[in-house]
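Structural overview
One letter stands for each residue in the lines below.
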Protein chains: 2
Amino acid sequence: MTDPVVSTPITRVLWKEDPGNEFYMKREDLQPFSFGGNKVRIGWEFMRDLTEGGYDAMLIYGDARSNLCRILAGMCAVSGIPARMIATRPGGEREGTDISFNEMITEGFGVPVRTCPADRIADAVDEEMERFRSEGRNPYYIYGNRFGTGREGIAARAYASAYREILAEEKELGIRFDLIAVPYGTGATQGGLIAGAMELRDEDRILGISVSSRTGERARSVLRETVRSYFADRASDGADVPGPERIDERIHLETGRNCGGYGIVDGRVTQAVRDMFLQNSVALAPEYTGKAWRGMCDYLRENGISGKKILFINTGGLPLFFDALGRSRSRG
Amino acid sequence: MTDPVVSTPITRVLWKEDPGNEFYMKREDLQPFSFGGNKVRIGWEFMRDLTEGGYDAMLIYGDARSNLCRILAGMCAVSGIPARMIATRPGGEREGTDISFNEMITEGFGVPVRTCPADRIADAVDEEMERFRSEGRNPYYIYGNRFGTGREGIAARAYASAYREILAEEKELGIRFDLIAVPYGTGATQGGLIAGAMELRDEDRILGISVSSRTGERARSVLRETVRSYFADRASDGADVPGPERIDERIHLETGRNCGGYGIVDGRVTQAVRDMFLQNSVALAPEYTGKAWRGMCDYLRENGISGKKILFINTGGLPLFFDALGRSRSRG
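Residues numbered from 1 in each chain as written. Chains lettered and ligands numbered in written order. Predicted model: local features only at pLDDT ≥ 70, side-chain atom pairs only at ≥ 80, totals over all residues. Heavy atoms only, no water.

1. Observations regarding the overall build of chain A
Secondary structure summary: chain A contains eleven helices and ten strands in total. The C-alpha atoms of chain A give 19 Å as radius of gyration, which agrees with the globular expectation for 332 residues (20 Å, within 12%). Considered along the principal axes of its C-alpha atoms, chain A spans approximately 60 × 60 × 35 Å. Classification of the 332 residues of chain A by burial places 58% in the buried group. Across chain A, every contact between residues at least 6 apart in sequence was considered, and the portion connecting residues at least 24 apart equals 77%. Counting only carbon and sulfur atoms, one obtains 47% of the accessible surface of chain A, whose full area is about 13100 Å². A gap of 2 Å separates the mean positions of the 44 positive and 48 negative side-chain charges of chain A. (Helix = DSSP H or I, 4+ residues; strand = E, 2+ residues; numbered from the N terminus. Rg over C-alpha atoms; globule rule 2.2 N^0.38 Å. Buried < 20%, exposed > 50% of the residue type's maximum accessible area, 1.4 Å probe, protein only. Contact = heavy atoms within 4.5 Å. Areas by Shrake-Rupley, 256 points an atom, 1.4 Å probe, with all protein chains shown as cover. Lys, Arg positive; Asp, Glu negative; His and termini not counted. Charge placed at Lys NZ, Arg CZ, Asp CG, Glu CD.)

Here is the structure:
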């Protein structure tokens with residue numbers, strides 16, 4: 001398949017709750033491939049890496065509701081690459097009407113989904129890789145080794161390059177954003193943006209709002225490794241690999257606004273999703289962009305930030321909006 | 001609110017079933033407002049007309065699954081215009097889990113939905129207009145008079161102007177499309193395209209595939225009136241109003257591929273939606289774009305058309321894709 005990534009627009013959004021700041025969104029949710037989102041750019045980097053490395057099958061891993069898995073399944077289907085997925089399911093075992101649209105779409109693309117407890121992932125990765133090999137395939141595991149590390153730098157390329165796009169759009173719009181806020185899930189998007197900003201010697205203005213279960217040092221170390229790997233991959237081109245201190249200066253991450261963990265949302269997040277839709281007709285995915293938007297607004301208020309121009313990266317996840325709408329229908 | 005309409009891309013789509021033609025899509029489904037679609041452009045023309053006419057409330061009418069109603073409800077909510085909707089529900093009375101996402105979103109925007117049998121619409125329109133007036137409002141009924149006529153020319157402006165956009169994109173892409181296929185529902189999109197082509201003295205190449213229950217002369221007469229009104233509205237600017245014969249020459253409409261009526265789809269349509277998604281990761285709305293795409297492909301095959309460049313207007317309707325996916329989940 002050909003490169004599906006397009007430049008997305010930056011649009012103004014209304015947010016009545018905070019009239020003191022100006023809000024803008026980078027509309028990554030409008031990437032044309034398979035309901036869009038940041039995972040279109042990230043997935044495409046994995047696909048390129050797979051092709052360049054001469055691999056011919058893909059092992060995907062993620063939560064059963066994962067947007068990345070939906071996107072990768074779609075890219076593999078369109079490209080004729082056989083794929084399988086290992087899925088964690090923290091909410092418990094799979095039940096008929098609780099299957100997320102993302103999972104249905106992933107399976108619709110012909111990708112078998114194997115449920116796996118969180119403490120068995122490394123073994124499951126080994127088994128599925130071996131299964132591909134026994135079929136004569138040379139499989140690519142998206143996260144690298146059995147522990148899920150080794151390809152952080154690949155994923156980071158997506159938003160390092162998007163950062164360049166943002167700078168060009170700022171020029172075109174005649175706006176300089178004071179803060180760029182981004183949902184932190186795997187760290188690939190924020191890490192990429194930080195790498196892009198460092199590479200282009202732009203100032204320090206990126207804030208991650210964690211929607212993940214990772215807290216404290218673990219969350220930060222993933223970001224650090226993502227940025228480091230990005231530069232290490234480029235070292236052969238003469239890129240300078242920044243030391244951990246220089247990277248750490250750039251890491252700004254709010255981990256206390258995750259509603260208690262990945263996939264968990266509270267009533268304030270649900271209300272924020274509703275308000276965003278009513279005020280702008282823009283759909284947020286409760287578990288990702290909804291939670292991050294709510295967290296960002298709380299951060300701004302608690303820190304007395306006003307009179308600023310804020311860019312929020314709308315990382316998409318549209319099927320999750322419809323999952324939530326469907327649940328509200330079954331209840332009501 | 002400000003103009004939400006953007007220029008949408010034209011992208012190549014794969015369609016293995018017919019290797020003889022080259023297929024492209026005008027991605028109106030990527031209009032950024034409220035899940036996009038052709039109704040963003042059409043709804044915005046109604047909003048402009050409402051504003052210019054000094055109206056301050058809106059009466060919406062449509063099928064309960066209507067995309068236009070979702071879009072207008074969103075535009076009214078964002079603009080602070082009170083709105084109400086009269087809905088027909090051919091599938092029978094409303095039941096809990098059968099409420100479409102479009103209807104949920106319409107109601108979510110605070111628009112009360114009143115169900116009405118098809119033979120009572122004119123009376124219901126009178127009643128709701130009178131209700132607005134008794135509240136001191138000056139209401140705008142999107143379709144004009146109580147019989148739903150009088151504003152065909154307003155709606156047509158949307159795609160007359162989109163036709164200009166298509167010509168510019170053809171120039172940019174270095175492609176000249178042999179055929180432009182478009183779903184025919186209300187006639188506003190096809191009528192607008194025909195008006196645009198006539199206004200710009202471009203050749204005759206627009207084909208409508210009806211997804212509506214209208215057949216024969218009734219379907220054609222709506223198109224004729226849409227095109228005529230468009231030019232009549234412009235007559236004061238010195239536009240020439242073409243006679244019915246000149247308009248009729250431009251009307252190419254397939255009405256026999258509607259699966260038996262509005263909202264009805266068959267297994268071949270469902271399969272086409274699946275194939276499109278698998279081959280391109282592009283979502284079609286079964287009742288609209290899915291049916292029209294299937295009908296267009298059948299038309300091409302039956303008429304032995306090959307070696308052509310075909311542009312399909314993807315008029316969106318994304319929530320209906322998720323409705324269908326949700327139904328397939330409930331079935332198991």
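2. Here's the deal with the sheet that holds strand β6 (residues 139–141) of chain B
Residues and elements named next belong to chain B. Reading across from one edge, β5-β4-β3-β6 is the order of the four strands in this open sheet, with parallel pairing throughout. Either end of the sheet is taken by a strand with one partner, and the two such strands are β5 (113–115) and β6. Direction aside, neighbouring strands of the sheet carry axes that sit 25° apart on average. Pairing between strand β3 (residues 57–63) and β6: three bridges, direction parallel. Counterpart to A57 in the pairing with β6 is P139. (Pairing = 2+ DSSP bridges. Axes fitted to C-alpha atoms, helices over the stretch in contact; angles between N-to-C directions.)

3. Details of the domain arrangement of chain A
Residues and elements named next belong to chain A. By the assigned domains, chain A splits into domain 1 (10–37 + 152–331) and domain 2 (40–141). Each partner contributes to the interface: domain 1 provides 25 residues, whereas domain 2 provides 21 residues. Around 1900 Å² of area is buried between domain 1 and domain 2 when both sides are counted, 61% of it from carbon and sulfur atoms. Area buried by domain 1 at its contact with domain 2 is led by F33, I154 and Y262, which between them contribute 28% of it. (Domains from an automatic or database assignment. Buried area = accessible area lost by both parts, 1.4 Å probe.)

4. Overview of the packing of aromatic side chains
Within this structure, the stated rule accounts for 37 aromatic pairs over all chains. Consider the rings of A:F277 and B:F109, whose centres lie 5.0 Å apart with planes at 20°: the pair is stacked. Pair noted here: A:F277 is in helix α9 (residues 267–280) and B:F109 is in the loop between α3 (101–108) and β5, and the two residues belong to different chains. Ring geometry for B:W15 against B:W293: centres 5.3 Å apart, planes inclined by 85°, an arrangement best described as edge-to-face. One end of the pair, B:W15, is in the loop between β1 (10–13) and β2 (22–27); the other, B:W293, is in helix α10 (residues 286–302), with 278 residues separating them in the sequence. On the basis of relative accessibility, which here comes to 5%, the residue B:W15 falls in the buried class. (Phe/Tyr/Trp six-rings, centres within 6.5 Å; stacked < 30°, edge-to-face > 60°.)

5. Concerning the relation of the copies chain A and chain B
In the superposition of chain A on chain B (RMSD 0.0 Å, axial shift 0.0 Å), the rotation amounts to 180°. Viewed as a symmetry operation, the transformation between the two copies matches a two-fold axis. When the interface residues of chain A are mapped onto chain B, 100% of them again fall at the interface, so both copies present the same face. (Least-squares fit on C-alpha atoms with pLDDT ≥ 70 in both.)

6. Regarding empty space enclosed by the protein
Which parts of space are left empty comes out when a probe the size of a water molecule is rolled across the atoms. As enumerated under the stated definition, the model contains one cavity of 30 Å³ or more in all. The space that makes up the largest cavity amounts to roughly 300 Å³. Together, 24 residues line the largest cavity, and A:D29, A:L30, A:L318, B:D29 and B:L318 are the ones closest to its centre. (1 Å grid on protein atoms, 1.4 Å probe; cavity = no way out; pocket = protein on both sides within 12 Å on 5 of 7 lines; lining within 4 Å. Points joined across faces, edges and corners; volume = space filled by probe spheres on them.)

7. Notes on the packing of helix α2 (residues 67–79) of chain A against helix α3 (residues 101–108) of chain A
All names here are of chain A. The N-to-C vectors of α2 and α3 enclose an angle of 20°; their axes lie 8 Å apart at closest approach. In terms of axis orientation, α2 runs roughly parallel to α3. Seen along the crossing, α2 lies across α3 with a hand that is left-handed. Taken together, the residues of α3 that come into contact with α2 (itself represented by N67, C69, R70 and A73) are N102, I105 and T106. Of the residues in the contact of α2 with α3, the class split is three nonpolar, three polar and one charged. (Parallel < 35°, antiparallel > 145°, perpendicular 65-115°, else oblique. Left-handed = near helix turned anticlockwise from the far one by under 90°. Nonpolar A, V, L, I, M, F, W, Y, C, P; charged D, E, K, R; others polar.)

8. Comments concerning the environment of A:G74
By the secondary structure assignment, A:G74 is in helix α2. The exposure class assigned to A:G74 is buried, which follows from its relative accessible area of 0%. In this structure, A:G74 is in contact with A:F33, A:F109 and B:S281, ignoring residues within four places of it in sequence.

9. Some remarks on the interface of chain A and chain B
The interface is formed by 33 residues belonging to chain A together with 33 residues belonging to chain B. Buried surface at the junction of chain A and chain B, summed over both partners, amounts to about 2800 Å²; 74% is from carbon and sulfur atoms. The largest share of the area that chain A buries against chain B comes from A:F101, A:F322 and A:R329, three residues that together contribute 24% of it. Run the count over chain A and chain B and you get zero salt bridges. (Salt bridge = Lys/Arg side-chain N within 4 Å of Asp/Glu carboxyl O.)

10. Section: the nonpolar core
Ranked by size, the top nonpolar core spans 217 residues in total, and within it A:M58, A:W293, B:M58 and B:W293 carry the most contacts. The residues contacting B:M58, other than those within four sequence positions of it, are B:F46, B:M47, B:L50, B:L72, B:C76, B:I81, B:P82, B:A83, B:R84, B:F132, B:Y140 and B:I142. (Core = buried A, V, L, I, M, F, W, Y, C linked by side-chain atoms within 4.5 Å.)

11. Details of the pattern of salt bridges
On inspection of all chains with the given rule, the structure shows 76 salt bridges over all chains. Two residues, A:R41 and A:E165, come together in a salt bridge whose shortest N-O distance is 3.0 Å. Here the residue A:R41 occupies a position in helix α1 (residues 38–52), and A:E165 occupies one in helix α5 (residues 152–173), the gap between them amounting to 124 residues. The pair A:R41 / A:E165 is uniform in exposure class, with both members buried. A salt bridge links B:E199 to B:R234; the nearest nitrogen and oxygen atoms lie 3.6 Å apart. Taken together, the residues B:E199 in helix α6 (residues 188–199) and B:R234 in the loop between α7 (216–233) and α8 (244–250) connect sequence positions 35 residues apart. Ionic contacts of the salt-bridge type, sharing partners, join the residues A:R84, A:R114, A:R120, A:D123, A:D126, A:E127, A:E128, A:R131, A:E135 and A:R146 into one network.

12. Re the sheet that holds strand β6 (residues 139–141) of chain A
All names here are of chain A. Overall, parallel pairing links the four strands, which are arranged β5-β4-β3-β6 in an open sheet. Taken across any chain shown, the strands that pair with only one partner, and hence form the sheet edges, are β5 (113–115) and β6. For this sheet, the mean inter-axis angle between neighbouring strands, taken without regard to orientation, is 25°. Strand direction decides the pairing type here: strand β3 (residues 57–63) and strand β4 (residues 83–88), joined by six bridges, are parallel.

13. Points about the environment of A:G295
All names here are of chain A. Secondary-structure assignment places G295 in helix α10 (residues 286–302). G295 gets classed as buried once you look at its relative accessible area, which sits at 2%. Taking the C-alpha atoms as reference points, G295 and R327, 32 residues apart in sequence, are found 23 Å from one another. Apart from the residues lying within four places of it in its own chain, the contact partners of G295 are I209 and R257.

14. A word on the side chain of B:Q190
All names here are of chain B. With respect to the helices and strands, the residue Q190 is situated in helix α6. Within the structure, the side chain of Q190 is placed 3.1 Å from the backbone oxygen of H252, a separation counted as a polar contact. Residues within four places of Q190 in sequence aside, it is in contact with V182, Y184, I206, L207, G208, L223, H252 and L253. (Polar contact = N/O pair within 3.5 Å; in protein donor to acceptor, adjacent residues only side chain to side chain.)

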